[in-house]
Amino acid sequence: MFDPKDKFSKQALFEEAWGKYYAGMVEWIGPEFGGGAVEVRPATMEIVVEGEAQKVDACNVIPAQKAGQIAEIAGVTDDSGWAPVNPENMKSKADENIWVLGDSSAQGDMPKSGFSANSQAKVAAMAVRGELSDAKVFPARYSNTCWSLVAPDDGVKVGASYEPTPEKIASVESFISETGEDAALRKATYEESLGWYAGITADIFG
Ligand SMILES: Cc1cc2nc3c(=O)[nH]c(=O)nc-3n(C[C@H](O)[C@H](O)[C@H](O)COP(=O)(O)OP(=O)(O)OC[C@H]3O[C@@H](n4cnc5c(N)ncnc54)[C@H](O)[C@@H]3O)c2cc1C
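(A) Fine view of the packing of aromatic side chains. Overall, the coordinates contain seven aromatic pairs when judged by the stated rule. Each ring, one from F8 and one from W18, has its centre 6.2 Å from the other, and the planes form 35°; the classification is tilted. Highlighted residues: F8 in the segment before α1 (11-21) and W18 in helix α1, separated in sequence by 10 residues. For the pair F8 and W18, a shared accessibility class is recorded, and that class is buried. A connected cluster of aromatic rings, assembled from ring pairs, spans F8, F14, W18 and W28.

(B) Structural view of α1. Looking only at α1, the buried set comprises Q11, L13, A17 and W18. Buried residues in α1, looked at end-on, bunch into an arc of 165°, giving them a common side. On the buried face of α1, the contacting elements are β6 (142-151), β7 (154-164), β8 (169-176) and α4 (183-205).

(C) Molecular detail of the pattern of salt bridges. Enumeration over the complete set of coordinates arrives at 13 salt bridges. One salt bridge connects E39 with R41, and the closest N-O pair in it is separated by 3.0 Å. Taking relative accessible area as the criterion, R41 reaches 33% and is therefore assigned partly exposed. Its salt-bridge partner being K122, residue D203 comes within 2.5 Å of it at the nearest N-O pair. With D203 in helix α4 and K122 in helix α3 (residues 114-133), this pair connects stretches of sequence that are 81 residues apart.

(D) Structural detail: the sheet that holds strand β1 (residues 38-41). Spatially, β1-β2-β3 is the arrangement adopted by the three strands of the open sheet, whose pairing is antiparallel. For this open sheet the edge positions go to β1 and β3 (52-55), each flanked by a neighbour on one side alone. The sheet shows a mean angle of 25° between the axes of neighbouring strands, taken without regard to direction. Pairing geometry for β1 and strand β2 (residues 46-49), over four bridges, is antiparallel. Considered in β2, the bridge of E39 is made with V48.

(E) Local environment of the site of the ligand. Around the ligand, a shell composed of I70, L101, G102, D103, K112, S113, G114, F115 and W196 is seen. In this structure, D103 approaches the ligand through a side-chain N or O atom, which is 2.7 Å from an oxygen atom. One of the backbone nitrogen or oxygen atoms of G114 is found 2.8 Å away from an oxygen atom of the ligand. Calculation on the ligand without its partners gives an accessible area of 1,000 Å², and the protein chains cover 30% of this total. Here the shell around the ligand is built from residues that sort into four nonpolar, three polar and two charged.

(F) Structural context of the environment of K66. You can see K66 is positioned in the loop between β3 and α2 (69-73). Given the relative accessible area of 53%, K66 is considered exposed. Residues contacting K66, with those up to four places away along its chain left out, are E72, G81 and W82.

(G) The domain arrangement of the protein chain, seen in detail. The domain boundaries assigned to the protein chain delineate domain 1 (11-55) and domain 2 (80-205). On a C-alpha basis, the centroid separation for the pair domain 1 and domain 2 is 30 Å. Of all residues in domain 1, L13, E16 and Y21 give up the largest surface area on contact with domain 2, accounting jointly for 65% of the area buried on that side. Across the salt bridge formed by E16 and R186, the nearest N and O atoms sit 3.1 Å from each other.

(H) Up close: unusual backbone geometry. One non-glycine residue, M45, lies in positive phi territory at about 50°. With respect to the element layout, M45 can be found in the loop between β1 and β2. Taking relative accessible area as the criterion, M45 reaches 35% and is therefore assigned partly exposed. Residue D134 is not a glycine yet carries a positive backbone phi of 65°. Relative to the helices and strands, D134 is located in the loop between α3 and β6.

Cut-offs used in this document
- Residues numbered from 1 in each chain as written.
- Predicted model: local features only at pLDDT ≥ 70, side-chain atom pairs only at ≥ 80, totals over all residues.
- Heavy atoms only, no water.
- Phe/Tyr/Trp six-rings, centres within 6.5 Å; stacked < 30°, edge-to-face > 60°.
- Helix = DSSP H or I, 4+ residues; strand = E, 2+ residues; numbered from the N terminus.
- Buried < 20%, exposed > 50% of the residue type's maximum accessible area, 1.4 Å probe, protein only.
- Arc of directions from axis to C-beta.
- Contact = heavy atoms within 4.5 Å.
- Salt bridge = Lys/Arg side-chain N within 4 Å of Asp/Glu carboxyl O.
- Pairing = 2+ DSSP bridges.
- Axes fitted to C-alpha atoms, helices over the stretch in contact; angles between N-to-C directions.
- Near = heavy atom within 4 Å.
- Polar contact = N/O pair within 3.5 Å; in protein donor to acceptor, adjacent residues only side chain to side chain.
- Areas by Shrake-Rupley, 256 points an atom, 1.4 Å probe, with all protein chains shown as cover.
- Nonpolar A, V, L, I, M, F, W, Y, C, P; charged D, E, K, R; others polar.
- Domains from an automatic or database assignment.
- Buried area = accessible area lost by both parts, 1.4 Å probe.

Written out as structure tokens, the structure reads:
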């Protein structure tokens, strides 16, 4: 796995799981050893790392991400490719009639996740309602948790609460699973993720 980033969320937890459950199967290569500039040659099924071509049987390439083209066309993105928003209500900084939620938004510390998008949508909906009806608008509070199932019944998580500051949505309190946790706690974390999924799908589609 070639990665242009120096580190990634839950790295210690993932590396622990790779050693415990998938020994010899997963190798993470950061920018120091060529993860930062990988050339992909689909015609010959090769990747080129540090000038050396390697044959691959399958290759999952994730290009640099940016907001959907519709956001660009709407004129709400900046040079980063993402759409800056006001931290207190998710309203576009470029157009006061547009709200941008979820992955497309450049908001600060929140990770791009379904949980974050849902949390941001609630704040935005409250702000829209306030503008339309003069209803009370409460101070924005955001939250996120990302679970990963590293093996059957072995769940880990990372999460935080966030509040708006003048500059960005800022993390105010965070938590992360620890390496070496016992099986009962990992099973409980996995079961918590099932509860979250049931809750958020009911929230969205119910
Ligand atoms: C492999 C993977 C696993 C993930 N696991 C989790 C997880 O466990 N928990 C979690 O919280 N998050 C998870 N995420 C992240 C989560 O899926 C995203 O953060 C979330 O879907 C973002 O929601 P969004 O509404 O901002 O964008 P999207 O879900 O991408 O929705 C944007 C929608 O806009 C549509 N669209 C684009 N352009 C147009 C247009 N011109 N006209 C009309 N429609 C258009 C797209 O088709 C798309 O349906 C995962 C992501 C991936 C890739």
